[in-house]
Amino acid sequence: MAVENAERIELHLMPGYSPELNPDALLNADLKHHIHAARATSTDDLARETRRFLHRRQRQPHIVSGYFHGRHVRYTIQ
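Sequence order sets the numbering: in each chain, residues are counted from 1 along the sequence as written. For a predicted model such as this one, the threshold for reporting local features is a pLDDT of at least 70, and the threshold for listing and counting side-chain atom pairs is 80 or more; totals across whole chains, interfaces and linings nevertheless cover every residue. Each side-chain value is derived from all of the structure's non-hydrogen atoms; neither hydrogens nor water enter the calculation.

Draft legend 1. Local environment of the pattern of salt bridges. By definition here, a salt bridge exists when the distance from a side-chain nitrogen of Lys or Arg to a carboxyl oxygen of Asp or Glu is within 4 Å. Taken as a whole, this structure holds three salt bridges when the rule is applied. Put simply, D45 and R48 hold a salt bridge, and the shortest N to O gap is 3.4 Å. Taken together, the residues D45 and R48, both in helix α2 (residues 43–58) and three residues apart, mark about one turn of the helix. Only protein chains enter the area calculation, which uses a 1.4 Å probe; residues under 20% of their type maximum are buried, those over 50% are exposed, and those in between are partly exposed. Residue R48 is classed as partly exposed on the basis of its relative accessible area of 44%. Between E49 and R52 there is a salt bridge, and its shortest N-O distance comes to 3.3 Å. Remark: R52 and E49 occur in helix α2; sequence separation between them is three residues, near one turn of the helix. According to the relative accessible area criterion, E49 is partly exposed, its value standing at 29%. Comment: elements are numbered from the N terminus, with helices defined as DSSP H or I runs of at least four residues and strands as E runs of at least two.

This is the structure we're talking about:
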């Protein structure tokens, strides 16, 4: 199967630590910006707020796709 798709696979060598090149890091930064751990009264409260935020993002695909259009992560969609 991998041989059949070889022409569709593109390899990108990345440095060992490069969060600015990772779209996941943009989601993480967005989460940290909107969820304030200091306001959580317990770990359960923090987990609940995190789940709420992520469920909200699931219904906002235009924002999620924006994570892949940042200058440093545009390679993921080209």
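Draft legend 2. Inspection of α2 at higher detail. Spanning 16 residues, α2 covers 22 Å between terminal C-alpha atoms, matching the ideal 22 Å at 1.5 Å per step. Taken together, the buried positions of α2 are D45, F53 and R57. The buried residues of α2 occupy an angular sector of 110 degrees when the element is viewed end-on, so they sit on one face. Turned more than 90 degrees away from the buried face of α2 sit T43, D44 and Q58, all of them exposed. Elements in contact with the buried residues of α2: α1 (23–34) and α3 (61–66). Expected helix span is computed as 1.5 Å times (number of residues minus one). Think of the arc as the fan of directions from the helix axis to the C-beta atoms. What makes two residues a contact is simply this: any of their non-hydrogen atoms within 4.5 Å.

Draft legend 3. Representation of the environment of I77 within the structure. Here I77 shows up in the segment after α3. Ignoring sequence-local partners within four residues, the contact set of I77 consists of F68 and H69.

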